[in-house]
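Per-entry structural report
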Amino acid sequence: MQRIVVLTGAGVSAESGLSTFRGGGGLWDNHRVEDVATPEAFARDPDLVQRFYNERRAKAREVQPNAAHTALAQLARADGVHLTLVTQNVDGLHEAAGSPRVIHMHGALDGALCAACDHRWPAPLVIDGSTPCPACGAKAARPDIVWFGEVPYHMDEIAEALGQADIFAAIGTSGRVYPAAGFVDYASAQGATCIEFNLDASEVAQSFDDHRIGPATQTVPAWIAEVTG
Ligand code: APR
């Protein structure tokens, strides 16, 4: 059994038409990340932050998974492979492609979270200041997204999978946001072979054993064909 951990970032969804975080002159859909993706930004201007994520949620529902998402869904079902798929993305394109289990370490656009009681529920298309929590009734709904300064989800499970991995693959991530950017060093120290898939070298490229340069829709299916024989 080959144990494989894949970490995906915004680059895996770029060819589906979703913008990356640090494309477009360092702006995410015309906003600085710190103006829309921090607890401080939400406290300062909740309407702006809700509007921003409402737009992302609407856009994410319009797009389709691409060949990289589809190949990863096939890898999960391949004989002799145990795959742990971790994504930093908040879109649902891995699920739409048929991936059976996706660990969303930065949360997901299709989730809502009550800031008053921590209840989680499926997000309506639009969340705003009048959206009540179905559990406690508080009008304190926010997107169930991990913002800068908040603790990513499922870290224990991810660390365990990285510790047992034969192969660690990072796909379409800039290596600028920790803890995800540190996964390669952890997996490598535990004996995994580490492969990076990107359009060019990421911030942590030197930590990888192998680099597949090019669009994920080409490099990822080619690698998965190699792995599955
Ligand atoms: N194929 C492969 N790689 C690509 C492609 C593509 N078609 N298009 C872009 N990339 C690469 C870019 O070269 C870049 O290195 O994907 C990476 C995207 O980087 P970021 O925009 O920084 O996205 P990501 O690494 O996922 O961001 C991490 O930062 O803002 C936070 O929480 C947010 O989860 C996000 C985290």
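Thresholds applied
- Residues numbered from 1 in each chain as written.
- Predicted model: local features only at pLDDT ≥ 70, side-chain atom pairs only at ≥ 80, totals over all residues.
- Heavy atoms only, no water.
- Domains from an automatic or database assignment.
- Contact = heavy atoms within 4.5 Å.
- Buried area = accessible area lost by both parts, 1.4 Å probe.
- Buried < 20%, exposed > 50% of the residue type's maximum accessible area, 1.4 Å probe, protein only.
- Helix = DSSP H or I, 4+ residues; strand = E, 2+ residues; numbered from the N terminus.
- Arc of directions from axis to C-beta.
- 1 Å grid on protein atoms, 1.4 Å probe; cavity = no way out; pocket = protein on both sides within 12 Å on 5 of 7 lines; lining within 4 Å.
- Points joined across faces, edges and corners; volume = space filled by probe spheres on them.
- Near = heavy atom within 4 Å.
- Polar contact = N/O pair within 3.5 Å; in protein donor to acceptor, adjacent residues only side chain to side chain.
- Areas by Shrake-Rupley, 256 points an atom, 1.4 Å probe, with all protein chains shown as cover.
- Sits in = over half its atoms within 2 Å of the grid points.

**So, the domain arrangement of the chain**
Taken domain by domain, the chain consists of domain 1 (2-18 + 65-106 + 152-228) and domain 2 (19-62 + 108-145). Each of domain 1 and domain 2 was reduced to a C-alpha centroid, and the two centroids are 25 Å apart. Across the boundary between the two partners, domain 1 contributes 13 residues, which contact 12 residues of domain 2. Together domain 1 and domain 2 conceal approximately 1100 Å² of surface at their shared face, both sides included; 64% is due to carbon and sulfur atoms. Looking only at domain 1, the three residues that lose the most surface to domain 2 are L18, V90 and Y153, adding up to 49% of its buried area.

**Notes on helix 8 (residues 155-164)**
It helps to recall that an α-helix has 3.6 residues per turn; residues three or four apart then point in one direction. Buried within helix 8 are the following residues: I158, A161 and L162. Along the long axis of helix 8, the arc covered by the buried residues comes to 100°, so they all point the same way. Along helix 8, the residues that are exposed and aim more than 90 degrees away from the buried face are D156 and E160. Of the surrounding elements, those touching the buried residues of helix 8 are strand 1 (2-8), strand 2 (81-87), strand 3 (103-104), strand 7 (167-171) and helix 9 (183-189).

**Points about the environment of D118**
When you line up the elements, D118 lands in the loop between strand 4 (107-114) and strand 5 (120-122). Overall, the relative accessible area of 54% leaves D118 in the exposed class. D118 sits 38 residues away from D156 along the chain, and the two C-alpha atoms are 20 Å apart.

**Structural notes on the layout of surface pockets**
Picture a little ball the size of a water molecule; that probe, rolled over the atoms, points out where space is still empty. Considering only enclosed or pocket space, the largest pocket measures out at about 820 Å³ in volume. In terms of lining residues, the largest pocket is bounded by 42 residues, among which A10, F21, R22, G172 and S174 are the most central. Put simply, the parts of the chain that give the lining of the largest pocket at least two residues each are helix 1 (11-14) and strand 8 (193-198). Taken together, domain 1 (2-18 + 65-106 + 152-228) and domain 2 (19-62 + 108-145) each give at least three residues to the lining of the largest pocket, which thus spans both.

**Observations concerning the site of the ligand**
The local shell around the ligand holds 21 residues, among which F21, R22, T173, S174 and N198 are the closest. Between the ligand and E15 there is a distance of 2.8 Å, counted from a nitrogen atom to a side-chain nitrogen or oxygen. In this structure, an oxygen atom belonging to the ligand sits 2.8 Å away from a main-chain N or O atom of F21. Here the ligand loses 90% of its free accessible area of 740 Å² to cover by the protein chains. More than half of the atoms belonging to the ligand lie within 2 Å of the grid points that define the largest pocket. Two domains share the shell around the ligand, each providing at least three of its residues, namely domain 1 (2-18 + 65-106 + 152-228) and domain 2 (19-62 + 108-145).

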